[in-house]
Each structure stands twice: as C-alpha cells, then as structure tokens.
Amino acid sequence: MFAPDIILAAVLNGLMTGSVYALIALGLTLVYGVLHIINFAHGATLTAAMFAVYVAQATLGIDPYLALLPITLLFFGLGYAVQRFVIGPASHGEDRNILLVTLGLSIVIENAMLSIFRSDTRSIDVPYAFESIDLGFTFLALPRVAAFGVALLVALLLGLLLTGTDTGKAIRAVAKEKTGAALAGIDVAHIYAVTFGLGAACVAIAACLLMPTFYVTPRAGNAFVLVAFTIVVLGGMGSIPGALLGALFIGVVESLCGLFFGESLGQIGIFLIFILVLLVKPTGLFGARA
C-alpha cells in the first residue's frame, strides 16, 4: 500500500478528480467574487446539467463530449436569464434576499428533478468509459484524463476572458466597486447576469465530464458543491487561481486519504483541512481581508 508507485498513482488520480472539482469551484468563486454571495442553487444547477447530459445521451444518442458545447451554451443562457429576470428583481438589491432566492431556487430545481426523474439512480453507457492509459506503473482512466485537460483549458480561457476582454474588465470592475462601475457607464445588472451565466456554464462543463464515469440522482450535485465550497475557502473567496490550485490539492488529499484510510473515509482529510484553514488563515491561500 505504501509503495512509491501506488502513492504516485493515487496522486495522479487525485489530480484528475481535482480538475473536475476545479470547474465547480470556479463557478462558485466567480459568483462570490462579483455578487459577494454564496449561490445556494449551485449544486442543484449541477444536478440539472447532469440530467441534461443524461437525457441528451439516453434519448438523442449524443455523446457527453459532443454535448459539451450546446449544454454549456444552454446553461449559460439559463444562468443569465435566472439572474437577470428572477434573482435580480426578487432580491431588491439586498444580498440577504439573494441568498434566500438562490436557496428557494435550489429547492425548486431539486424537486422538479425528483418529480421528472424520480429518485432512481441514472447513468449512461459510453464505449470509452473503461478505457485507460498505461503509464507503466499505473493506469489512468481515459475520461479522467480528458476531464483534466478540459478543466485546465477552461480555467485558462476564463482567466483570459477576465483579463483580456472588455467584458472581463467590466466583471472585475463590478467586483471591485459596483457603484463606481455604474458611474463609469457599466450595466451592473447585465454584468451580474453574465457572471451568473458563467458560473452555470462551468457546472455544465463539469457535468459533461462527470457523466461518462458517474451517476446522477436529484441530489447528486450537492456532494460536489460541498467539496467545492471547501476549495473556495481554501483558495480564498473570489480567487480564480486559488480555486484551481485548491481543487487540485483537495483532489490529491481525498485520493491519499482514500488510499490510507479506506474509500469510505476518503473525504475526511478535506474537512479537516477546511477546519484548519478557518482556524489558521480564514482568508484562504490567495484571499484578502475585506
């Protein structure tokens, strides 16, 4: 169990898992960084995206990877519309109201999924689900390797969007000082909706990468978002690099804990780290005090 090859294999598999966590955490930290609220509907949105991938494959025969672009665009549009026409008007500009609205949306989405799909566990069958890459000392599942590459690409593109486009500059301006951004002519409500749409798009991509090797139930997204919240706290609330590095680190910790303590206790290290971060450095690795 403690042979170097086995430990290295666990680390590599942890990085693969952490890359999917990163996509979910990126959406969560992006919404927090701009709107300064925790989106309680994030887990339900991931569940809905996973069911969308399931329906696309089970009824239309569309491969999850081929469905990545249309489902991502669909959920970006849904996220934009929900923020612009539901959350924004219902919150009346109060952060606490936004929290309550997103919590209500989470309950509505989960119960809608339960009503449509019941509580049965659903999964899809793709020919490459059990394909692997031989590294000599271990095997890496092909879908996990693909997820790792896509996750890094998405994080890079998101960083380029935020730093190299007018929309990205507007997002950073609103995150820094929304009143000043509004006085400069930026449509704050539009930027809020774009940010929310990007957060939904991130979980849609994660859903496409998860479904070849995972299952979905009406509450499947909540477990992932619980880990993602730990990652956001570890990396620093609102920090994109922190979310990415924190997710990879958490993935490795989960994999090593599963190796040493058993699969059922794999996540114990995650929550121990969460407690330690809150005790030692509440702002996270890349966070700053308000």
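Scroll up to find the structure.
To keep things clear, this report deals only with the structure shown in the data block.

Here the structure, examined in full by the defined rule, presents 6 aromatic pairs. Where Phe51 meets Phe117, the ring centres are 4.1 Å apart and the plane angle is 5°; that geometry is what we call stacked. You can see Phe51 sitting in helix H2 (residues 42-60) and its partner Phe117 sitting in helix H4 (residues 95-117), a full 66 residues away along the chain. Neither Phe51 nor Phe117 differs from the other in exposure class; each is buried. A network of ring pairs unites the aromatic residues Tyr21, Phe214, Tyr215 and Phe224 as a single cluster.

The backbone phi angle of His36 is positive, close to 60°, even though this residue is not glycine. Note on placement: His36 falls in the loop between helix H1 (4-35) and H2. Non-glycine residue Arg118 carries a positive phi angle of around 60°. Of the residues examined, Arg118 reaches a relative accessible area of 54% and is grouped as exposed.

Along the chain, the position of Thr217 falls in the loop between helix H8 (188-210) and helix H9 (220-235). Not counting residues within four places of it along the chain, the set of residues in contact with Thr217 comprises Thr47, Phe51, Asp120 and Thr121.

The next subject is a nonpolar patch on the surface. A cluster of nonpolar side chains, Phe260, Phe261, Leu265, Ile268, Leu272, Ile275, Leu276, Leu279 and Val280, forms an exposed patch at the surface whose accessible area comes to about 900 Å². Of all the secondary-structure elements, those providing two or more residues to the nonpolar patch are helix H10 (240-261) and helix H11 (268-280). When residues of the nonpolar patch are assigned to their parent elements, the largest contribution, 6 residues, is made by H11. Residue placement: Leu276 occurs in helix H11.

Analysis parameters
- Residues numbered from 1 in each chain as written.
- Predicted model: local features only at pLDDT ≥ 70, side-chain atom pairs only at ≥ 80, totals over all residues.
- Heavy atoms only, no water.
- Phe/Tyr/Trp six-rings, centres within 6.5 Å; stacked < 30°, edge-to-face > 60°.
- Helix = DSSP H or I, 4+ residues; strand = E, 2+ residues; numbered from the N terminus.
- Buried < 20%, exposed > 50% of the residue type's maximum accessible area, 1.4 Å probe, protein only.
- Contact = heavy atoms within 4.5 Å.
- Patch = residues over 30% accessible without salt bridge, like charges linked within 9 Å, V, L, I, M, F, W, Y side chains within 5 Å.
- Areas by Shrake-Rupley, 256 points an atom, 1.4 Å probe, with all protein chains shown as cover.
- Salt bridge = Lys/Arg side-chain N within 4 Å of Asp/Glu carboxyl O.

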